[in-house]
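Analysis of the macromolecular model
So the chains spell out like this:
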Amino acid sequence: MWRITIACSAEDWGISSKIFKDLATRYPSTLLSSKKMYGDDRRIMEYQIENVSDAEEFTDECLTIPGFTAVFESL
């Protein structure tokens, strides 16, 4: 299993949230958490994916969205 952690600023979320949500539905994942940080309204989301190839692709595609960062790690 793999955990993908995605983060973005409040401004980038406002601009690209629909693109991200559409992207996330294309992968067989489980949303572990979604947080709006107090103070700067930054977003941090964590997903779980079974297949390492899917985790790599999801991470890479998240990085194509301006202002979004993404990393994955083994669970």
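Right, let's walk through the structure included here. (Residues numbered from 1 in each chain as written. Predicted model: local features only at pLDDT ≥ 70, side-chain atom pairs only at ≥ 80, totals over all residues. Heavy atoms only, no water.)

It is worth spelling out the overall build of the protein chain at this point. A count of helices and strands for the protein chain gives two helices and four strands. Computed over C-alpha atoms, the radius of gyration of the protein chain comes to 12 Å, within 12% of the 11 Å expected from 2.2 N^0.38 for 75 residues, which places it in the range of a compact globule. Taking all 75 residues of the protein chain together, the buried fraction comes to 33%. Restricting the contact set of the protein chain to residue pairs at least 6 apart, pairs at least 24 apart contribute 68%. Carbon and sulfur atoms make up 52% of the accessible area of the protein chain, which totals about 4,600 Å². Between the centroid of the 8 positive side chains of the protein chain and the centroid of its 13 negative side chains there is a distance of 8 Å. (Helix = DSSP H or I, 4+ residues; strand = E, 2+ residues; numbered from the N terminus. Rg over C-alpha atoms; globule rule 2.2 N^0.38 Å. Buried < 20%, exposed > 50% of the residue type's maximum accessible area, 1.4 Å probe, protein only. Contact = heavy atoms within 4.5 Å. Areas by Shrake-Rupley, 256 points an atom, 1.4 Å probe, with all protein chains shown as cover. Lys, Arg positive; Asp, Glu negative; His and termini not counted. Charge placed at Lys NZ, Arg CZ, Asp CG, Glu CD.)

Bringing the packing of aromatic side chains into the picture now. Inspection of the entire model under this criterion finds eight aromatic pairs. With 6.3 Å between their ring centres and 25 degrees between their planes, Phe20 and Phe58 make a pair best called stacked. Taken as a pair, Phe20 in helix α1 (residues 10-24) and Phe58 in helix α2 (residues 52-62) lie far apart in primary sequence, 38 residues in all. Like Phe20, the residue Phe58 is buried in the burial classification. When the centroid spacing of 5.5 Å and the interplanar angle of 90 degrees are considered together, the rings of Tyr47 and Phe58 count as edge-to-face. (Phe/Tyr/Trp six-rings, centres within 6.5 Å; stacked < 30°, edge-to-face > 60°.)

Within the fold, Ser16 resides in helix α1. For Ser16, a relative accessible area of 5% corresponds to the buried category. Excluding residues that lie within four positions of it along the chain, Ser16 makes contacts with Ile65, Pro66 and Phe68.

Take the environment of Tyr27 next. Among the secondary structure elements, Tyr27 is positioned in the loop between α1 and β2 (29-36). You can call Tyr27 buried: its relative accessible area is 9%. Spatially, the C-alpha atom of Tyr27 lies 17 Å from that of Thr69, the residues being 42 residues apart in sequence. When sequence neighbours within four positions are dropped, the list of residues in contact with Tyr27 reads Ile49, Asp54, Glu57, Phe58 and Glu61.

Next up on the list: α1. Taking 1.5 Å per residue as the helical rise, α1 with its 15 residues ought to reach 21 Å, whereas the 18 Å between its terminal C-alpha atoms falls clearly short. In α1, a bend of some 70 degrees at Ser16 exceeds every other bend along the element. Buried residues of α1: Asp12, Trp13, Ser16, Ser17, Phe20, Leu23 and Ala24, and no others. Buried-residue contacts for α1 involve β1 (2-8), β2, β3 (43-49) and α2. (Expected span 1.5 Å × (residues − 1). Bend = angle between axes of the 7 residues up to and from the residue.)

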